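# Secondary and tertiary structure notes
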Amino acid sequence: MADAAGIEFAGASDSRLIFSGPPGRLQGVIRLTNPTASKQTLRSLTVNADQLTGAAGLPLAEIPMLARLNAGQQAAIRSTIALDAHTPPGSYPLTITVGSRAIPASAFVTEVVDFRIQPDEVTILAGADSTYEREFVIENAGNVPLPLGERCEAPLVDSIDLPTAMLVGLHKAAKLDAKGQVESWLREWGEREGGMLVVLRDPIILGPGQKMTAKARFQLPELRPFRNYQATLQLYNGSLSVSIYTTKKSGSQKPTAALKAS
């Protein structure tokens, strides 16, 4: 139950409170006054919100607040409402009771995109095959649906850094003239790019709060032997790091079809 302290709402008679933010942290300011002759403490406020549930999924009945006002003191107190993390974006009406007044309020829930994937790092020991299967746990921890298409791509880059590539190129062309050395350096630099990594999967729409396992197939281009290639796949706010070690010329066999989510 909310405190029955002598603290009252200090706003005008036609005031409307506004709370806004992501579901777990909607913030607003409430103006309070202590008209009594003694110090008063307010630790929570009663809320009437038919369309909203709290962080634990139970009906929202009160919000925490800590306000200590001396006799006659006024204050603007910032308050936070924590809702169910998957509350859809939008505007919701509610009523907040302060002392003897019930004040109308609006909760503006903003969009939260929060895609999570485990594992978020993949290592592939690549031989002659061009496709390699992996299984993941994927989760939509936000409050909007997340479409996941059947295909995504990312460039593969040799882990050898640019200065090393330059030195290798110059070493290979040590007996050539300056033009030949530059061409060898540029050639070695260009070979750091290994082509495009293609990831095939079953297209789905991951709903807010949904968590599932899914399989994906990594399709490799032809890669140089005895190298380490790396790629980063951006998946909404998340990312998947892929490291590929080649034991021989990779990607020489034809790819197979994508696997469906399970």
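Just above sits the structure.
So, a few notes on the structure that sits alongside this text. Small disclaimer: the values here were computed from a predicted structure and weren't measured.

## Quick notes on the packing of aromatic side chains
One pass over the full model with this rule turns up two aromatic pairs. For the ring pair F115 and Y236, a centre distance of 6.4 Å and an interplane angle of 50 degrees mean the geometry is tilted. Of this pair, F115 sits in strand β9 (residues 115-118) while Y236 sits in the loop between β17 (228-235) and β18 (238-246), placing them 121 residues apart in sequence. Under the relative-accessibility criterion, Y236 is labelled partly exposed at 37%. For the ring pair F136 and F218, a centre distance of 6.2 Å and an interplane angle of 55 degrees mean the geometry is tilted. Of this pair, F136 sits in strand β11 (residues 131-140) while F218 sits in strand β16 (residues 211-219), and the two are 82 residues apart along the sequence. One exposure class covers both F136 and F218, and it is buried.

## Details of unusual backbone geometry
Cis peptide bonds are those with omega within 30 degrees of zero, and the linkage from Q118 to P119 qualifies with -5 degrees. Structurally, P119 is set in the loop between β9 and β10 (121-126). One non-glycine residue, F226, lies in positive phi territory at about 55 degrees. Mapped onto the fold, F226 is located in the loop between β16 and β17. With relative accessibility at 66%, the residue F226 sits in the exposed group. The residue Y236 is not glycine, and still its phi comes out positive at about 55 degrees.

## A closer look at the pattern of salt bridges
Across all of its chains, the model carries four salt bridges by this definition. A salt bridge links R227 to D158, with the shortest nitrogen-to-oxygen separation between them at 2.4 Å. Here R227, found in the loop between β16 and β17, pairs with D158, found in strand β13 (residues 151-158); they are 69 residues apart in sequence, far enough to count as distant. In this pair, the class of R227 matches that of D158, namely buried.

## Some remarks on the side chain of Q40
Relative to the assigned elements, Q40 resides in strand β4 (residues 40-48). A distance of 3.2 Å separates a polar side-chain atom of Q40 from the backbone nitrogen of G6.

## Here we look at the environment of Q74
Summarising the element assignment, Q74 is placed in strand β6 (residues 74-81). Overall, Q74 belongs to the exposed group, its relative accessible area being 62%. In this structure the C-alpha to C-alpha distance between Q74 and I7, which are 67 residues apart in sequence, comes to 9.4 Å. Aside from chain neighbours lying at most four places away, what touches Q74 is L32 and T33.

## Some remarks on the pairing of β17
Along any regular strand, the residues point their side chains to alternate faces of the sheet. As defined by bridge partners, β13 adjoins β17 across two bridges and the pair is classed as antiparallel. Within β17, the residue paired with D158 across the bridge is Y229. Here eight bridges tie β17 to β18, and the two strands are oriented antiparallel to one another. In the sheet register, L233 faces β18, and the bridge partner there is L240.

## Topic: the nonpolar core
The biggest cluster of nonpolar side chains holds 30 residues, and the ones touching the most others in it are I138, L197, F218 and I244. At four residues, the largest contribution of residues to this core is made by β17. Look past the residues within four positions of I138 in its chain and what remains in contact with it is F115, R116, I117, L148, I204, L206, Q210, K211, M212 and A214. Membership of the second largest hydrophobic core comes to 28 residues, among which are L17, F19, L83 and I103.

Criteria and thresholds
- Residues numbered from 1 in each chain as written.
- Predicted model: local features only at pLDDT ≥ 70, side-chain atom pairs only at ≥ 80, totals over all residues.
- Heavy atoms only, no water.
- Phe/Tyr/Trp six-rings, centres within 6.5 Å; stacked < 30°, edge-to-face > 60°.
- Helix = DSSP H or I, 4+ residues; strand = E, 2+ residues; numbered from the N terminus.
- Buried < 20%, exposed > 50% of the residue type's maximum accessible area, 1.4 Å probe, protein only.
- Salt bridge = Lys/Arg side-chain N within 4 Å of Asp/Glu carboxyl O.
- Polar contact = N/O pair within 3.5 Å; in protein donor to acceptor, adjacent residues only side chain to side chain.
- Contact = heavy atoms within 4.5 Å.
- Pairing = 2+ DSSP bridges.
- Core = buried A, V, L, I, M, F, W, Y, C linked by side-chain atoms within 4.5 Å.

Geometric descriptors of this kind do not, in isolation, establish any biological role.
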